[in-house]
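Each chain is listed here by its residues.
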Amino acid sequence: MWSIVLMGLAGLLIGGAVSFRSQGMSKIIVISFWVLAGMALLGAYLLTLNLS
């Protein structure tokens with residue numbers, strides 16, 4: 001269950017990063033969104049390893 005929530009959060013963060021990049025926002029904001037999305041996907045992956 002939590003892995004699905006984290007994957008959805010990662011999708012939202014990736015969409016935000018792409019949107020902010022197209023709007024010309026600061027690069028640090030875009031990079032931080034990509035890093036947070038990667039961490040959410042990593043957390044989802046680790047949760048699937050522990051629960052199976």
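Residues numbered from 1 in each chain as written. Predicted model: local features only at pLDDT ≥ 70, side-chain atom pairs only at ≥ 80, totals over all residues. Heavy atoms only, no water.

Enquirer: How do you make sense of the overall build of the protein when you look at a structure like this?
Expert: The helix and strand tally for the protein stands at two helices and zero strands. For 52 residues, the compact-globule estimate of 2.2 N^0.38 gives 10 Å, and the C-alpha radius of gyration of the protein, at 12 Å, exceeds that figure by more than 25%. Counting only C-alpha atoms and orienting by the principal axes, one finds that the protein spans roughly 40 × 15 × 10 Å. The 52 residues of the protein split such that 17% are buried. Of the roughly 3,900 Å² of accessible surface on the protein, 76% is carried by carbon and sulfur atoms. (Helix = DSSP H or I, 4+ residues; strand = E, 2+ residues; numbered from the N terminus. Rg over C-alpha atoms; globule rule 2.2 N^0.38 Å. Buried < 20%, exposed > 50% of the residue type's maximum accessible area, 1.4 Å probe, protein only. Areas by Shrake-Rupley, 256 points an atom, 1.4 Å probe, with all protein chains shown as cover.)

Enquirer: Looking at this structure, I do not really get the packing of aromatic side chains. What am I missing?
Expert: What describes a pair of aromatic rings is the distance from one ring centre to the other and the angle between the planes of the rings. Overall, the coordinates contain one aromatic pair when judged by the stated rule. An angle of 75° between the planes, with centres 5.2 Å apart, marks the rings of F20 and F33 as edge-to-face. Residue F20 is located in helix α1 (residues 2–23), and its partner F33 is located in helix α2 (residues 27–51); the two are separated by 13 residues in the primary sequence. F20 sits in the partly exposed class, given a relative accessible area of 23%. (Phe/Tyr/Trp six-rings, centres within 6.5 Å; stacked < 30°, edge-to-face > 60°.)

Enquirer: I would appreciate a short explanation of the UniProt feature "transmembrane region" (unreviewed entry) in the protein in the present structure.
Expert: Those places that UniProt annotates as "transmembrane region" (unreviewed entry) correspond, in this numbering, to residues 29–49. Measuring from the first to the last C-alpha atom of residues 29–49 gives 30 Å, for a span that is 100% helix and 0% strand. (UniProt positions renumbered as here; feature names shortened; annotations may be inferred.)

Enquirer: Where do I start with the environment of G16 in this structure?
Expert: On the secondary structure map, G16 appears in helix α1. Classification of G16 as buried rests on a relative accessible area of 15%. Sequence spacing of G16 and T48 is 32 residues, and the spatial spacing of their C-alpha atoms is 25 Å.

Enquirer: Just to check I follow, could you spell out the environment of F33 for this structure?
Expert: Note on F33: relative accessible area 22%, which makes it partly exposed. As for F33 and G16, which are separated by 17 residues in sequence, their C-alpha atoms are 7.2 Å apart. Ignoring sequence-local partners within four residues, the contact set of F33 consists of L13, G16, A17 and F20. (Contact = heavy atoms within 4.5 Å.)

Enquirer: What is the right way to read a nonpolar patch on the surface from this model?
Expert: On the surface, I31, V35, L36 and M39 cluster together into a nonpolar patch covering about 380 Å² of accessible area. As for its position among the elements, M39 is in helix α2. The exposure class of M39 is exposed, given its relative accessible area of 53%. (Patch = residues over 30% accessible without salt bridge, like charges linked within 9 Å, V, L, I, M, F, W, Y side chains within 5 Å. Salt bridge = Lys/Arg side-chain N within 4 Å of Asp/Glu carboxyl O.)

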